[in-house]
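Spelled out, the chains give:
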Amino acid sequence: MVVRARRRVAHDVVCLELADPAGEPLPAWTPGAHVDITVRPGMIRQYSLCGDPADRGSWQVAVLREAAGRGGSVHLHDRVAAGTLLTAGRPRNAFPLVAAPNYLLIAGGIGITPLLPMARELAARGADWRLLYGGRRREAMAFAGDLADRHGERVLLHPQDTHGLLPIGAVLDDLRHSGLGEQTAVYCCGPEALLTAVEQACADWPAEALHVERFRPAQPASRDSDQAFELRLARSGQILTVRAGQSILAALEAAGATVASSCRDGTCGSCETAVVAGEVEHRDTVLSAAERASGRTMMVCVSRSHGERLELDI
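Just so it is clear, the model here is predicted, and its values are computed rather than measured.

It is worth spelling out unusual backbone geometry at this point. Phi is positive for Asp12, which is not a glycine, with a value near 65 degrees. Even without a glycine there, the phi angle at Arg264 is positive, about 65 degrees.

Each pair of aromatic rings is reported with the distance of its centres and the angle of its planes. Scanning all chains against the criterion turns up one aromatic pair. Ring plane angle 65 degrees and centroid distance 5.4 Å describe the contact between Phe95 and Tyr187, whose orientation is recorded as edge-to-face. With Phe95 in the loop between strand 6 (87-88) and strand 7 (102-108) and Tyr187 in strand 10 (residues 184-189), the pair connects residues that are 92 residues apart, well separated along the chain. In this pair, the class of Phe95 matches that of Tyr187, namely buried.

Moving on, we come to the nonpolar core. In terms of nonpolar packing, the biggest core is built from 31 residues, with Leu105, Ile112, Leu115, Leu131, Tyr133, Phe143 and Tyr187 touching the most fellow members. At the level of secondary structure, the elements contributing two or more residues to this core comprise strand 1 (2-10), strand 2 (13-19), strand 7, helix 2 (115-125), strand 8 (128-135), helix 3 (144-151), strand 9 (155-159) and strand 10. Residue contributions to this core peak at five residues, all from helix 2. Those residues in contact with Ile112, other than ones at most four positions away along the chain, are Ala107, Leu131, Tyr133, Ala142, Phe143 and Leu147. Ranked by size, the runner-up nonpolar core spans 24 residues in total, among them Leu233, Val280, Leu287 and Cys301.

Take helix 3 next. By the burial criterion, the buried members of helix 3 are Ala144, Leu147 and His151. Down the axis of helix 3, the sector holding all buried residues measures 65 degrees, keeping them to one side. Across from the buried face of helix 3, at angles greater than 90 degrees, the exposed residues are Asp149 and Arg150. Residues of helix 3 that are buried in the fold lie against helix 2, strand 8 and strand 9. Looking one or two residues past helix 3, Gly152 carries a phi angle of roughly 60 degrees, positive in sign.

One pass over the structure, following the stated rule, counts 20 salt bridges. Asp226 is the salt-bridge partner of Arg283, the closest N and O atoms lying 2.7 Å from each other. Placement of Arg283 in the loop between strand 15 (280-281) and helix 8 (289-294) and of Asp226 in the loop between strand 11 (210-213) and strand 12 (229-233) is noted, with a sequence separation of 57 residues between them. By the burial criterion, Arg283 is buried, and Asp226 matches it. Arg309 serves as the salt-bridge partner of Glu230, at 3.7 Å between the closest nitrogen and oxygen. Highlighted residues: Glu230 in strand 12 and Arg309 in strand 18 (residues 309-312), separated in sequence by 79 residues. Since its relative accessible area comes to 54%, Arg309 is described here as exposed.

The subject of this paragraph is the packing of helix 5 (residues 168-178) against helix 6 (residues 192-201). In the contact formed by helix 5 and helix 6, the axes pass within 10 Å of each other and the chain directions differ by 30 degrees. Comparing their axes, helix 6 and helix 5 come out roughly parallel. The hand of the helix 5/helix 6 crossing is right-handed. The segment helix 5 lies against helix 6, with Ile168, Leu172 and Arg176 engaging Leu194, Ala197, Val198 and Ala201. Taken together, the residues of the contact of helix 5 with helix 6 break down into six nonpolar, no polar and one charged.

Our next topic: the packing of helix 2 against helix 3. In the contact formed by helix 2 and helix 3, the axes pass within 12 Å of each other and the chain directions differ by 5 degrees. It follows from the interaxial angle that helix 2 and helix 3 lie roughly parallel. Residues Leu116, Ala119, Arg120 and Ala123 of helix 2 lie in contact with helix 3, whose contacting residues are Leu147, Arg150 and His151.

Cut-offs used in this document
Residues numbered from 1 in each chain as written. Predicted model: local features only at pLDDT ≥ 70, side-chain atom pairs only at ≥ 80, totals over all residues. Heavy atoms only, no water. Phe/Tyr/Trp six-rings, centres within 6.5 Å; stacked < 30°, edge-to-face > 60°. Helix = DSSP H or I, 4+ residues; strand = E, 2+ residues; numbered from the N terminus. Buried < 20%, exposed > 50% of the residue type's maximum accessible area, 1.4 Å probe, protein only. Core = buried A, V, L, I, M, F, W, Y, C linked by side-chain atoms within 4.5 Å. Contact = heavy atoms within 4.5 Å. Arc of directions from axis to C-beta. Salt bridge = Lys/Arg side-chain N within 4 Å of Asp/Glu carboxyl O. Axes fitted to C-alpha atoms, helices over the stretch in contact; angles between N-to-C directions. Parallel < 35°, antiparallel > 145°, perpendicular 65-115°, else oblique. Left-handed = near helix turned anticlockwise from the far one by under 90°. Nonpolar A, V, L, I, M, F, W, Y, C, P; charged D, E, K, R; others polar.

Such coordinate-based values are descriptive only and should not be taken to indicate function.
Pasting the structure below:
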């Protein structure tokens, strides 16, 4: 992919427009999707697509510069310009829009990125929706002006330095009192404090009503109680031992098995693998409660067997 354009969209946020160097149409995607970008050799990062899904000629990703991060965002800010070539994977969507009578979108900071195309699609559908968008300062809230101009009163901009924290509880209470609470799909993306607050506020809502996307794990999985277990690969019949403190993904790679992976912390969904037999201890932040309960798939980068044996469709 070639960086066709680069523009500053907020303080410490740049938007990169990616295109096929030969001008070929790009793979289709839906709101909520993200792509893996190889920032530099050995460093892959996930970014939400925030442009228009109808535009097959380019993709857009917005990158927040995080000086205290792992180096990917700083590299994209400091070393990538128009004309730079980057490797990108195909779009994946673990945060899709579901059908609902009403929608509430809640964004904090750079968490606005997956919600941008959702707002565009919901507006095009004529759906009933609102967006709450908070940030530390107005000048740090990417795309805020575009959203207000395009969608008007459906968008509530709430900079923390002038307005305080997002009024999550008040908005959810209004939905309850209006009778729309059980009909509303809530989508939230942003920092962990915001996600936790929304999860707590929606604790008594139907489980399927809340959809969140995390850029990082909710909390590091404890390895203290990990036990070794036997792993059978159903397609080959090979049997492996996954040691205490070792991930299934690491054990598979050590045995020469090829499994797609990217984030390695249970947030991107690229290593999702079908479970043939056994009980899973889920540690990812991708699968819904219903998907976890079904036991059909797992993220092998962080999740483990809940018993002595597990069999995967590999």
